[in-house]
Amino acid sequence: CIAPATWAAPARVDNRPAPRPLATDALLADIAQRQVVLLGEQHDSADDHRWQLQVLAALHARRPDMVIGFEMFPRRVQPVLDRWVAGELGSAEFLREVGWDGLWSFPAELYMPLFEFARLNRVPMIALNVDMSLIRSVASGGWDATPSAAREGVGRASAPPADYIDLLFASHREHARMRGKGEPAREDAAFRHFVESQSTWDRAMAEALAAHVRA
């Protein structure tokens, strides 16, 4: 097991039999020089969000000209994020204007420390995603059946790697079982559309990140 409060390189990254501990200072100094750093989470884990806040603070101390991108925000709410960071909105106003209750199915209090960190330090917040209506459209009928005008300028996603497809199929199968729809097959159109919808979600965020780096 990995010791608490320890950074480690997973075995699958460097082909080692066990995770390799990493020196915190050296690691943070290294990733502070990267153009993009991805911080994962279990959405409902308060500890994960506390860890994200610690990492953001450590990176900000080393590189204050950072921005923070957020998965849950569609691009249309970018003006609201800008007003929040500028100090023009209170917390309740901010959550109401981004439409949090219909936007993200996890409690806002898990994320508010991250949003407040951005506002206190005047770190720009970037809306990385698209409206869920686009994702639902692709999940329902596939990318090709989704009108170009509804794609919000997002390009066709590259074919995902096999490991990612395996992960998505496990999720798709679990949802099918929960809904009493029986055992799905990888060849089903429903699964193909599910992969396309998730790839569209990923592509949208990647495009937003790349556009900001170019700018």
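In case you missed it, the structure is sitting above this.
One structure accompanies this document, and this report is about it.

So, how was this worked out
Residues numbered from 1 in each chain as written. Predicted model: local features only at pLDDT ≥ 70, side-chain atom pairs only at ≥ 80, totals over all residues. Heavy atoms only, no water. Patch = residues over 30% accessible without salt bridge, like charges linked within 9 Å, V, L, I, M, F, W, Y side chains within 5 Å. Areas by Shrake-Rupley, 256 points an atom, 1.4 Å probe, with all protein chains shown as cover. Salt bridge = Lys/Arg side-chain N within 4 Å of Asp/Glu carboxyl O. Buried < 20%, exposed > 50% of the residue type's maximum accessible area, 1.4 Å probe, protein only. Helix = DSSP H or I, 4+ residues; strand = E, 2+ residues; numbered from the N terminus. Arc of directions from axis to C-beta. Contact = heavy atoms within 4.5 Å. Phe/Tyr/Trp six-rings, centres within 6.5 Å; stacked < 30°, edge-to-face > 60°. Pairing = 2+ DSSP bridges.

Section: a nonpolar patch on the surface
Together, V36, L38 and V213 line one region of the surface with nonpolar side chains, adding up to about 260 Å² of accessible area. On the basis of relative accessible area, V36 is assigned to the partly exposed category, the value being 37%.

Quick notes on helix α4 (residues 78-85)
Side chains three or four residues apart in an α-helix point the same way, a direct result of the helix having 3.6 residues per turn. Listed in full, the buried residues belonging to α4 are Q78, V80, L81, W84 and V85. Take α4 and look down its axis: the buried residues cluster within an arc of 160°, on one side only. Lining the buried residues of α4 we find β3 (68-74), α5 (91-98), α7 (112-120) and β4 (125-129). Following α4 by one or two positions, G87 has its phi on the positive side, about 85°.

Points about the pattern of salt bridges
Tallied over the full model, the rule gives 11 salt bridges. Between R62 and D25 there is a salt bridge, with the nearest N and O atoms lying 3.9 Å from each other. Taken together, the residues span a long stretch of sequence, with R62 in helix α3 (residues 46-62) and D25 in helix α2 (residues 24-31) at a distance of 37 residues. The partly exposed category is assigned to R62, whose relative accessible area is 37%.

Examining the side chain of T146
Examined against the element boundaries, T146 turns out to sit in the loop between α8 (132-141) and α9 (162-178). The contact partners of T146, leaving out residues within four places of it in the chain, are L134, S137, V138 and R151.

Digging into the packing of aromatic side chains
Evaluated as defined, the whole model comprises 13 aromatic pairs. Ring centres of W100 and F115 lie 5.8 Å apart, and the angle between their planes is 70°; on these two criteria the pair is classed as edge-to-face. With a gap of 15 residues between them, W100 in helix α6 (residues 100-103) and F115 in helix α7 connect regions that are remote in the sequence. F115 carries the same exposure label as W100, and that label is buried. Plain terms: the ring middles of Y111 and F115 are 6.3 Å apart, the flat faces sit at 20° to each other, and that makes the pair stacked. Comparing Y111 with F115 shows no difference in burial state: the two are buried. Members of the aromatic cluster, joined through ring pairs, are F70, F73, W84, F94, W100, Y111 and F115.

Remarks on the pairing of β4
With 5 of 5 residues buried, β4 is to be regarded as a mostly interior element. Across 4 bridges, the pairing between β3 and β4 is parallel. By the bridge assignment for β4, I68 is matched with M125.

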